[in-house]
Amino acid sequence: MPGTIRMILVGAPGSEFRRAAEMARDAGADVAMADTPAQALDFLREGGGDMVMIDVDADIAGFMASIRAERFTIPVLACGIQASAERAVAAIRAGARDYVPLPPQRELIAAAIASVIERKAPVRIGDHPALARAFALATAVAPTAAPILVTGEKGSGKEVMARAIHEASGRANPLHVVECAGIGADVLESELFGHETGAFPGAVARRIGRLETAGGGTIFLREVGSLAPAIQARLLSALQEQRFTRIGGDELVPFRARLIASTGMDLEAAVHTGSFRADLLVRLGLVRVEVPPLRARGGDLAQLATHFAERLSEADGIVVRPFSDATLVLLSRYAWPGNIRELEDCIHRAVLLAKGTAIEPDDLVRSDGTRLLDLELAEPGGLQIESLVGRTVEEVERELILHTLERCHGNRTSASNILGISVRTMRNKLRTFIEAGIAVAPAP
Ligand SMILES: Nc1ncnc2c1ncn2[C@@H]1O[C@H](COP(=O)(O)OP(=O)(O)OP(=O)(O)O)[C@@H](O)[C@H]1O
């Protein structure tokens, strides 16, 4: 099933553990039962995994040390039958992310899975033409093996797009999501390519990497612009040769997976500064799908806000309140630099804060505590044509470009998308502005 997660359950094969495994399967996980931490490590080395649930009585500290040494980045939850609070706390101190009591409760197991792995149901809200065009392109190329580069601002829905492409591709294996930002280069290299025994001091056994476990499935590289140069070189070679070697080995492993990469960066600029390989960008960006920023998606905003308000109210057991008209206006005037993720968080806070019959402007608060009402927001459609009379087209165009760029926090691709011009045209215009000594918002 696309999106299935692999959970490794470590503990004595008693009935409570079997029951927990059944519930995890019901919650959508693919469960492998390991009797010991050593067997769990073998499972991880051979087939990878998305989360581990381990008996609170097992040597959790030792297990955590092993997975760190072997460069696994996997969330671990402790579980146990009538464990004392001290044991649960000790497990968390040893590195477990949470504690789940056994006998298992269905909701707790489901919540544990959902909290650790953000299993995003492929809900896709929105039908704005810019998004529809992006989906149409993505669907058209989905069945091919061509790599796809999904671009767009932070939180705009690039992973949602990648999941849609994967589903439309008909590839049976789950989507393998690999986070490239904020992870050490060594750890990421093992995660992707695997390693052989003795490849580095902690490599006590062979590990199979994502490129191998993915088989003929799809690998989604989030924030590909963060890849270290050595990994870029390895990845390029894997794409060119359709095979690769594990770290420290010389066996050639076939590479059959489809690659989807996402970026919120201007990769052309990264190529320019030398932090990203031009040849890799050509390979990865054979097909580009641009996810538009939320502020450019018109009516999608109200649709998404309503969807989140309903879903989050229900999840929190709160009565579903509609948005007042003033709230809808305020939502449409804010620029949403964090895009759909920011909208979702803001609506969640509003759902919790609202006390009246509707969600009011007062209930819209940013994560830093600022009320949207207190911000100076642009009036949609507030542009007075009269104010333009007497100015040259060139002047107005320049102002429009510079303001749009500023609202997009310097992101050239997003700004050109909103303006309906190519990135190349945008760059040429910006060059002429800079040459004329006009300040231009720097690229993010
Ligand atoms: N069309 C959509 N319908 C409903 N929810 C959406 C849609 N697009 C995005 N979301 C939600 O918005 C959030 C951000 O989406 P996603 O993770 O795909 O963004 P992203 O661009 O990949 O983020 P990042 O820049 O951090 O990598 C997620 O919670 C996702 O479920």
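Residues numbered from 1 in each chain as written. Predicted model: local features only at pLDDT ≥ 70, side-chain atom pairs only at ≥ 80, totals over all residues.

If you look the protein up in an unreviewed UniProt entry, it shows as Sigma-54-dependent Fis family transcriptional regulator from Sphingomonas psychrotolerans.

Peer 1: Outline helix H13 (residues 300–315), supporting the account with residue identities and numerical values.
Peer 2: If you check H13, its first and last C-alpha atoms are 22 Å apart, about what 16 residues at 1.5 Å a residue would give, namely 22 Å. If you check which residues of H13 are buried, you get Leu301, Leu304, Ala305, Phe308, Ala309 and Ser313. Projection of H13 onto a plane perpendicular to its axis shows the buried side chains occupying an angular sector of 150 degrees, all on one side. Next to the buried residues of H13 lie helix H14 (325–333) and helix H15 (339–353). (Helix = DSSP H or I, 4+ residues; strand = E, 2+ residues; numbered from the N terminus. Expected span 1.5 Å × (residues − 1). Buried ≥ 20, exposed ≤ 12 C-beta atoms within 10 Å, placed from the backbone. Arc of directions from axis to C-beta. Contact = placed C-beta atoms within 7 Å.)

Peer 1: Quick rundown of unusual backbone geometry? Include the residues and the values.
Peer 2: A cis amide bond, omega 0 degrees, links Leu102 with the succeeding residue Pro103. In this fold, Pro103 is placed in the loop between strand E5 (98–102) and helix H5 (106–116). Notably, Arg71 is not glycine yet its phi reads approximately 65 degrees, a positive angle. With respect to the element layout, Arg71 can be found in the loop between helix H3 (60–69) and strand E4 (76–81). Judged by local crowding, Arg71 falls into the buried class, with 22 C-beta atoms found within 10 Å.

Peer 1: Any chance you could break down the environment of Ala199 for me, citing the residues and the numbers?
Peer 2: Mapped onto the elements of the fold, Ala199 is located in the loop between helix H8 (185–193) and helix H9 (210–213). For the pair Ala199 and Gly248, spaced 49 residues apart in the sequence, the C-alpha separation amounts to 4.5 Å. Apart from the residues within four sequence positions on either side, Ala199 is in contact with Ile247 and Gly248.

Peer 1: An account of the nonpolar core is requested, with residue identities and associated values reported.
Peer 2: The biggest cluster of nonpolar side chains holds 43 residues, and the ones touching the most others in it are Met161 and Leu211. Ranked by residues supplied to this core, first place goes to helix H7 (residues 158–169) with four residues. Residues in contact with Leu211, not counting those within four places in the same chain, are Leu192, Phe193, Ile219, Ala238, Phe244, Phe255 and Ala257. With 34 residues, the next largest nonpolar core counts Ala24, Met53, Ile109 and Ala112 among its residues. (Core = buried A, V, L, I, M, F, W, Y, C linked by C-beta atoms within 7 Å.)

Peer 1: Describe in detail the packing of helix H6 (residues 129–141) against H7, supporting the description with residues and values.
Peer 2: Look at H6 against H7: their axes get within 9 Å of each other, and the N-to-C directions meet at 35 degrees. In the packing of H6 onto H7, the handedness of the crossing is right-handed. Judged by residue contacts, Ala134, Phe135, Ala138 and Thr139 of H6 engage Met161, Ala164, Ile165 and Ala168 from H7. Each residue belonging to the contact of H6 with H7 can be placed in one class, and the counts come to seven nonpolar, one polar and no charged. (Axes fitted to C-alpha atoms, helices over the stretch in contact; angles between N-to-C directions. Left-handed = near helix turned anticlockwise from the far one by under 90°. Nonpolar A, V, L, I, M, F, W, Y, C, P; charged D, E, K, R; others polar.)

Peer 1: Give a detailed account of the packing of helix H17 (residues 412–419) against helix H18 (residues 423–435), specifying residues and quantitative values.
Peer 2: Interaxial distance between H17 and H18 falls to 9 Å at its minimum, and their mutual angle equals 105 degrees. Classified by the angle their axes make, H17 and H18 are roughly perpendicular. The residues of H18 that touch H17, namely those facing Arg412, Thr413, Ala415 and Ser416, are Val423, Met426 and Arg427. Among the residues making up the contact of H17 with H18, the classes are represented as three nonpolar, two polar and two charged. (Parallel < 35°, antiparallel > 145°, perpendicular 65-115°, else oblique.)

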